[in-house]
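Chain by chain, the residues run as shown.
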Amino acid sequence: MIKEQIQQKIQEIFGLDFVPEICSTNFEGADFAVSPKLIFEIVKKAGTSAEKVKEKIIESATQDLGCVASVKNGFVNISIRDISQEVRIFLETDNYLEKKQNHDKTIVIDYSAPNIAKRFSIGNLRSTIIGAAVANSYKALGYKVEGINHLGDWGTQFGKLVVAIEKWGDKKEIEKNPLEQLSNLYIRFHREAQSNPALVDEARLAFKKLESGDERTRVIWRKCINWSMKEFDHYYDELGIHIENIIGESFYDDKTVQVIRELDQKGLLKESEGAKIVEFDHLPPAVIQKKDEATLYITRDLASIKYRIEKFKPTKMIYHVGLEQQLHFTQLFEIVRMLGWAKNVELVYAGHGLVKLPSGKMSAREGNVVLLEELIREAKERVRDIFKGGGADKIDEDKVKAVAIGAIKYTDLKQNRKTNIVFDWANALDLNGNSGPYLQYAYARISSVISKSGLKIGDLIAESNEMKIDKDQVKDLIFFQDVVNEMAENEMPNLICNFAYKIASKANSYYERVRVLNEDKDELIKNIMPLFVWEKLLRLSFEIIGLEPLKEV
Ligand code: ARG
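Below or above, wherever it landed, is the structure these notes cover. Every value quoted in this text rests on a predicted model; they were computed, and no experiment measured them.

This part is about unusual backbone geometry. Backbone geometry at Glu273 places phi at a positive 50°, although glycine is not the residue there. By secondary structure assignment, the location of Glu273 is in the loop between strand 8 (270-272) and strand 9 (275-278). For Glu273, a relative accessible area of 76% puts it in the exposed group.

Okay, structure coming up:
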């Protein structure tokens, strides 16, 4: 790729021991810019003047690489004369975004993580959708990705659940509708415990039994997991999302002992009213072990970090969890720092905001929860109506699903993850606006024109060297790698959404100006070239976003 060639040349000329990162730009008609900051770094390394550095870069860019280059406001602007080589490489390279140097790097991504025996709400959905997109971006760049579903399958609430199931549960009913039944039982426990406090002691005892491995209690608890997983798996299937590792909190229960010991040995534990806590300078203390010796969410998270570092040897660990857990993750990472565990691992908390429906319903923990099931059902109904309104006589259910799920995912991903979002149907399904269906339509239209032309990618590649390609139409190509890099590095899927939207809009307005399907072969090839580029750019972006590229809609 030309950007890499330029970087390599600069590195060579000045004998740099780092890759000089030039930026892609649209400024002043340039394609790339060498920033004053980078020039300054080169000056430091190469021991020459800034003037000499700029001069040499210009010389090499123009003479060795056939670009146009000049100095503007302290930057060296570089633009390529002919984009055909870029286009050819792009069209003929299978894993265009993949970088060899990423192959031996592992990224651990903690996402989705619903709680066993609780309904899967649209709150869980954000973590699932954003986490999957970020995982896809790292995969596309060639990293090894270990997604982890840190299921909420442990904690004192399971004592309550076991008691409730034993007292009031009907196995057949639960099996029919697990999450609904189990959350009802849980709610009933709380209701009855108000007038019968002895239930709370029973639950405490049940959890103790569970912790000490009591067979009967374990069997009920296991069943809760299996029942819940069956329903969760159905959602993952619908969403087309696969998480590599399912390792719930319970897995770490026996590993917390060692964590507590290590904290103690390093002098980090304090006693407070019988509980064990860690204190910080600027944060409220974190309880690590309760008075009754039960461990907590944070204790298990600590154990999981240790386990993940040992097992996966990651360079980065990312957590996609709602921003309401900001304090938890700040404390968690601070303890890890105190313990000195993560010296070579970057820990990132990529929190996200809440999702609300316009009606005011929220992804709250209790009650008033919008269920994923309802959301998917409604999305499908609305898409079916759109298809019927468009005159379709036979409704293809696979397509309905692809468009409905695409709409749900995209409407979330296109927004900055840190903001609270409002889920709005008109917006999610807007066929003329920035939506999943709009992008899928744009893609299908490109595919259909390409297929009508009868041309194959090979024909275009063969011609691409000879032809003058309209750089303005396909220039986005040179930003693509940067966009995906930036998205991955900052866990920001909205960047790739913006990119794809821009391509789709460009394609849609192109047909208004250009009659692509021309009888003249040369004209046809010239006009259709951008479509091949856009088709592939969109397809690769869809893979990251998790949109299905439909050939026709
Ligand atoms: N199950 C938790 C919840 O629903 C999220 C877990 C996130 N991951 C983690 N390692 N803490 O709140």
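With that settled, consider the side chain of Lys414. Considering the arrangement of structural elements, one finds Lys414 in the loop between helix 15 (397-413) and strand 14 (421-422). With no salt bridge to any partner, buried Lys414 finds its closest opposite charge in Asp430, at an N-O distance of 7.3 Å. A polar contact of 2.6 Å, which involves the side chain of Lys414, links it to the side chain of Asn427. Among residues more than four places away in sequence, those in contact with Lys414 are Asn427, Asn434, Asn494, Cys497 and Asn498.

Further remarks concern the site of the ligand. Around the ligand, the structure places eleven residues, and the nearest of them are Asp110, Asn115, Tyr297, Asp301 and Gln325. With respect to the ligand, the backbone of Ala113 contributes an N or O atom lying 2.9 Å from a nitrogen atom. In terms of residue class, the shell around the ligand is built from five nonpolar, three polar and three charged.

A cluster of nonpolar side chains, namely Leu431, Tyr441 and Val553, defines an oily patch on the protein surface of about 200 Å² accessible area. Turning to its location among the elements, Val553 is positioned in the segment after helix 22 (521-545). The class for Val553 is partly exposed, based on a relative accessible area of 34%.

When strand 3 (residues 67-72) meets strand 4 (residues 75-80), the two strands line up antiparallel, connected through six bridges. Following the sheet pairing, Lys72 is matched in strand 4 by Phe75. The turn joining strand 3 and strand 4, which pair antiparallel and follow one another in sequence, is formed by two residues; a positive phi near 50° is taken by Asn73.

Pairing in this open sheet of five strands is parallel, and the strands run 7-6-5-11-12 from one edge to the other. What marks the edges here is a single partner per strand, and that holds for strand 7 (245-246) and strand 12 (346-349). Relative to strand 6 (residues 144-149), strand 5 (residues 106-110) is paired through five bridges, and the arrangement is parallel. Considered in strand 6, the bridge of Thr106 is made with Lys144. The strands that helix 5 (residues 122-140) touches are strand 5, strand 6 and strand 11 (316-319); relative to strand 5, the one it contacts most, it runs at about 175°.

Take the packing of helix 8 (residues 178-195) against helix 9 (residues 198-211) next. Packing of helix 8 against helix 9 brings their axes to within 7 Å, and their N-to-C directions diverge by 130°. Here helix 9 runs oblique to helix 8, going by the angle between their axes. Residue-level contacts link Phe189, Glu192 and Ala193 of helix 8 to Leu199, Val200 and Ala203 of helix 9. Considering only residue class, the contact of helix 8 with helix 9 consists of five nonpolar, no polar and one charged.

This next bit is on the pattern of salt bridges. On inspection of all chains with the given rule, the structure shows 39 salt bridges. Among the ionic pairs, Lys9 bridges to Glu12, the shortest N-O distance being 3.6 Å. Pair noted here: Lys9 and Glu12 are both in helix 1 (residues 2-14), with a separation of three residues, about one helical turn. Taking the relative accessible area as the measure of exposure, Lys9 reaches 23% and is therefore partly exposed. With its nearest N and O atoms 3.1 Å apart, the salt bridge here joins Asp31 to Lys475. Residue Asp31 is found in the loop between strand 1 (23-24) and strand 2 (32-34), and its partner Lys475 is found in the loop between helix 19 (471-474) and helix 20 (477-490); the two are separated by 444 residues along the sequence. Given the relative accessible area of 0%, Asp31 is considered buried. Through salt bridges with shared partners, one network takes in Glu262, Lys266, Lys306 and Glu310.

Criteria and thresholds
Residues numbered from 1 in each chain as written. Predicted model: local features only at pLDDT ≥ 70, side-chain atom pairs only at ≥ 80, totals over all residues. Heavy atoms only, no water. Helix = DSSP H or I, 4+ residues; strand = E, 2+ residues; numbered from the N terminus. Buried < 20%, exposed > 50% of the residue type's maximum accessible area, 1.4 Å probe, protein only. Lys, Arg positive; Asp, Glu negative; His and termini not counted. Salt bridge = Lys/Arg side-chain N within 4 Å of Asp/Glu carboxyl O. Polar contact = N/O pair within 3.5 Å; in protein donor to acceptor, adjacent residues only side chain to side chain. Contact = heavy atoms within 4.5 Å. Near = heavy atom within 4 Å. Nonpolar A, V, L, I, M, F, W, Y, C, P; charged D, E, K, R; others polar. Patch = residues over 30% accessible without salt bridge, like charges linked within 9 Å, V, L, I, M, F, W, Y side chains within 5 Å. Areas by Shrake-Rupley, 256 points an atom, 1.4 Å probe, with all protein chains shown as cover. Pairing = 2+ DSSP bridges. Axes fitted to C-alpha atoms, helices over the stretch in contact; angles between N-to-C directions. Parallel < 35°, antiparallel > 145°, perpendicular 65-115°, else oblique.

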